[in-house]
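Survey of secondary and tertiary structure
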Amino acid sequence: MESAQRRNLKNAYKEQAAVGGVFCIECSGNRRRWLKASPNIAGMRHKFEFAMAIGSCPEPGMRAEWLQYGAASFTFTVLETLTKKETQTDAEFGEDLGVLLELWTEKTQADATV
């Protein structure tokens, strides 16, 4: 690959808007859920899929369920995405993701009691 082409690809990657969001990993064996937020939702999905492909537990807090129910019982679901605004700092984007996570945590707790 030519250096100019590589530089153009690198610049195009850097100019992409960051897309974060809230996601849920659920174990169908016991219906336990882990809600998390990430400034890179696609990266988290890839991390989960890679862990599944190699038979590795994607999160340390899931180890017991992973061993008991197996990899096939876990699913990854994006609940909501958020695109970082051009004027937003990383800290502000992180705060927005934190608020979004709180909203989804309250929503899923309310849905569980119904």
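Details of the structure are given in the entry above.
Residues numbered from 1 in each chain as written. Predicted model: local features only at pLDDT ≥ 70, side-chain atom pairs only at ≥ 80, totals over all residues. Heavy atoms only, no water.

1. Overview of the overall build of the protein
Along the protein, the regular secondary structure elements total four helices and three strands. The N-to-C order of helical and strand elements in the protein reads α-β-β-α-α-β-α. Taken over the C-alpha trace, the protein has a radius of gyration of 17 Å; the compact-globule value for 114 residues is 13 Å, which it surpasses by more than 25%. Projected onto the principal axes, the alpha-carbon positions of the protein cover approximately 50 × 35 × 20 Å. Expressed as a percentage of the 114 residues in the protein, the buried residues total 25%. On the protein, roughly 7,800 Å² of surface is accessible, and the fraction owed to carbon and sulfur atoms is 52%. Measuring between centres, the 14 positive side-chain charges of the protein sit 7 Å from its 15 negative side-chain charges. (Helix = DSSP H or I, 4+ residues; strand = E, 2+ residues; numbered from the N terminus. Rg over C-alpha atoms; globule rule 2.2 N^0.38 Å. Buried < 20%, exposed > 50% of the residue type's maximum accessible area, 1.4 Å probe, protein only. Areas by Shrake-Rupley, 256 points an atom, 1.4 Å probe, with all protein chains shown as cover. Lys, Arg positive; Asp, Glu negative; His and termini not counted. Charge placed at Lys NZ, Arg CZ, Asp CG, Glu CD.)

2. Some details on the sheet that holds strand E3 (residues 74–83)
Spatially, E2-E1-E3 is the arrangement adopted by the three strands of the open sheet, whose pairing is antiparallel. Because the sheet does not close on itself, it has two edges, and the strands there are strand E2 (33–38) and E3. Averaged over all adjacent pairs, the angle separating strand axes in this sheet is 15°, with direction ignored. Relative to E3, strand E1 (residues 19–27) runs antiparallel, the two sharing nine bridges. Within the sheet, the bridge partner assigned to Val22 lies in E3 and is Glu80. Strands in contact with helix H2 (residues 41–54) are E1, E2 and E3; relative to E3, the strand with the most contacts, it is inclined by about 170°. (Pairing = 2+ DSSP bridges. Axes fitted to C-alpha atoms, helices over the stretch in contact; angles between N-to-C directions. Contact = heavy atoms within 4.5 Å.)

3. A look at the pattern of salt bridges
When charged atoms on two side chains of opposite charge get close, those side chains can pair. This structure, assessed with the given rule, holds six salt bridges. For Glu65, the salt bridge goes to Arg32, with nearest N and O atoms at 2.8 Å. Residue Glu65 is found in helix H3 (residues 63–69), and its partner Arg32 is found in the loop between E1 and E2; the two are separated by 33 residues along the sequence. By relative accessible area, Glu65 is classed as buried at 9%. Residues joined in a network through salt bridges with shared partners are Glu26, Arg31 and Arg33. (Salt bridge = Lys/Arg side-chain N within 4 Å of Asp/Glu carboxyl O.)

4. Some thoughts on the packing of aromatic side chains
Taken as a whole and judged by the stated rule, the model has four aromatic pairs. Linked through ring pairs, Phe23, Phe48 and Phe76 together constitute an aromatic cluster. (Phe/Tyr/Trp six-rings, centres within 6.5 Å; stacked < 30°, edge-to-face > 60°.)

5. Here's the deal with the environment of Trp104
Looking at the secondary structure, you find Trp104 in helix H4 (residues 90–113). With relative accessibility at 17%, the residue Trp104 sits in the buried group. Among residues more than four places away in sequence, those in contact with Trp104 are Val22, Leu35, Leu79 and Glu80.

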